[in-house]
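Next come the chains, spelled out residue by residue.
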Amino acid sequence: DARVTQTPRHKVTEMGQEVTMRCQPILGHNTVFWYRQTMMQGLELLAYFRNRAPLDDSGMPKDRFSAEMPDATLATLKIQPSEPRDSAVYFCASGLVLDTQYFGPGTRLTVL
Amino acid sequence: GIQVEQSPPDLILQEGANSTLRCNFSDSVNNLQWFHQNPWGQLINLFYIPSGTKQNGRLSATTVATERYSLLYISSSQTTDSGVYFCAVAFMYSGGGADGLTFGKGTHLIIQP
């Protein structure tokens, strides 16, 4: 049963620290997405890649967030420096072009 | 701007009841998905349905793309159906990429035994 995996599942850190979240998409999926869920904003798209190339990162605060796909099996989302307002659940999803997006279990980030 | 609106925001039902959840969207779509977010926070795919009708057990969904709405039907509700139901769409003419999903605020469903 193919699934999107994310690590870590939970992360507590202090303001100013670097945070790295990792995602392993489903094998064969060529599109990878990062979403964030907060109580105030709900679920929102941060960025996404196709064939490892960034297609859209307009939802991402550029000054502190960066997203990369070092290879087809790994996507990373980094926050440096982290701030309390970054506390949220970060979801990774993968899929094929104009097809179902499958979501990972999420990383729950708390920035103190 | 582009919008996804879901109704009702909250719904409390007794076990065994049927329900209809609605999603209105403001523009042409490439993708429309329904999700169930369970109490543990997992987003579970229910349907990929940019148009037409699909059924899966007690759940079914219909999207009328020309009229810009989708409906999710839940029949014979069970307590395990509780959670938040999200509609999410990828708009055909979004300013950025055309694949990213825009989510509605969800319908919070509580099924009481």
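Residues numbered from 1 in each chain as written. Chains lettered and ligands numbered in written order. Predicted model: local features only at pLDDT ≥ 70, side-chain atom pairs only at ≥ 80, totals over all residues. Heavy atoms only, no water.

1. Focus on the overall build of chain B
- Counting its regular elements, chain B contains zero helices and 11 strands.
- Walking chain B from its N terminus toward its C terminus, one meets helices and strands in the order β-β-β-β-β-β-β-β-β-β-β.
- For 113 residues, the compact-globule estimate of 2.2 N^0.38 gives 13 Å, and the C-alpha radius of gyration of chain B, at 14 Å, lies within 12% of that figure.
- Its C-alpha atoms give chain B principal-axis dimensions of roughly 45 × 25 × 20 Å.
- Evaluated residue by residue, chain B yields a buried proportion of 50% over its 113 residues.
- Contacts in chain B between residues far apart in sequence, at least 24 positions, make up 57% of those at least 6 positions apart.
- Averaging the positions of the 5 positive and the 7 negative side-chain charges in chain B gives two centres separated by 3 Å. (Helix = DSSP H or I, 4+ residues; strand = E, 2+ residues; numbered from the N terminus. Rg over C-alpha atoms; globule rule 2.2 N^0.38 Å. Buried < 20%, exposed > 50% of the residue type's maximum accessible area, 1.4 Å probe, protein only. Contact = heavy atoms within 4.5 Å. Lys, Arg positive; Asp, Glu negative; His and termini not counted. Charge placed at Lys NZ, Arg CZ, Asp CG, Glu CD.)

2. Regarding the pairing of strand S2 (residues 10–14) of chain B
Residues and elements named next belong to chain B.
- Burial of the side chains of S2 is restricted to one face: Leu-11 and Leu-13 are buried, whereas none of Asp-10, Ile-12 and Gln-14 on the reverse face is.
- Where S2 and strand S11 (residues 107–112) come together, five bridges link them in parallel fashion. By the bridge assignment, Ile-12 is partnered in S11 with Ile-110. (Pairing = 2+ DSSP bridges.)

3. Regarding the state of the cysteines
- In the structure shown here, the tally under the stated rule is two disulfides over all chains.
- Between the sulfur of Cys-23 of chain A and that of Cys-92 of chain A lies a disulfide, 1.9 Å long from S to S. Judged by the sign of its S-S torsion, about -60°, the bond between Cys-23 of chain A and Cys-92 of chain A is left-handed. Placement of the pair is Cys-23 of chain A in strand S3 (residues 19–24) and Cys-92 of chain A in strand S9 (residues 88–95), with a sequence separation of 69 residues. Considered together, Cys-23 of chain A and Cys-92 of chain A belong to a single accessibility category, that of buried residues.
- Paired by a disulfide, Cys-23 of chain B and Cys-87 of chain B hold their sulfur atoms 2.0 Å apart. (Disulfide = S-S within 2.5 Å.)

4. Overview of the packing of aromatic side chains
- This model, assessed by the stated rule, comprises nine aromatic pairs over all chains.
- A centroid spacing of 6.1 Å and a plane angle of 80° characterise the contact between Phe-86 of chain B and Phe-103 of chain B, whose relative ring orientation is edge-to-face. Taken together, the residues span a long stretch of sequence, with Phe-86 of chain B in strand S9 (residues 83–91) and Phe-103 of chain B in strand S10 (residues 102–103) at a distance of 17 residues. In terms of burial, Phe-86 of chain B and Phe-103 of chain B fall into one category: buried.
- An aromatic cluster is built from Phe-33, Tyr-35, Tyr-48, Phe-91 and Phe-103 of chain A together with Phe-35, Phe-86 and Phe-103 of chain B, whose rings are joined through pairwise contacts.
- The ring of Tyr-69 of chain B carries the charged tip of Arg-22 of chain B above its face, separated from the ring centre by 4.3 Å. (Phe/Tyr/Trp six-rings, centres within 6.5 Å; stacked < 30°, edge-to-face > 60°. Lys NZ or Arg CZ within 6 Å of the ring centre and 35° of its normal.)

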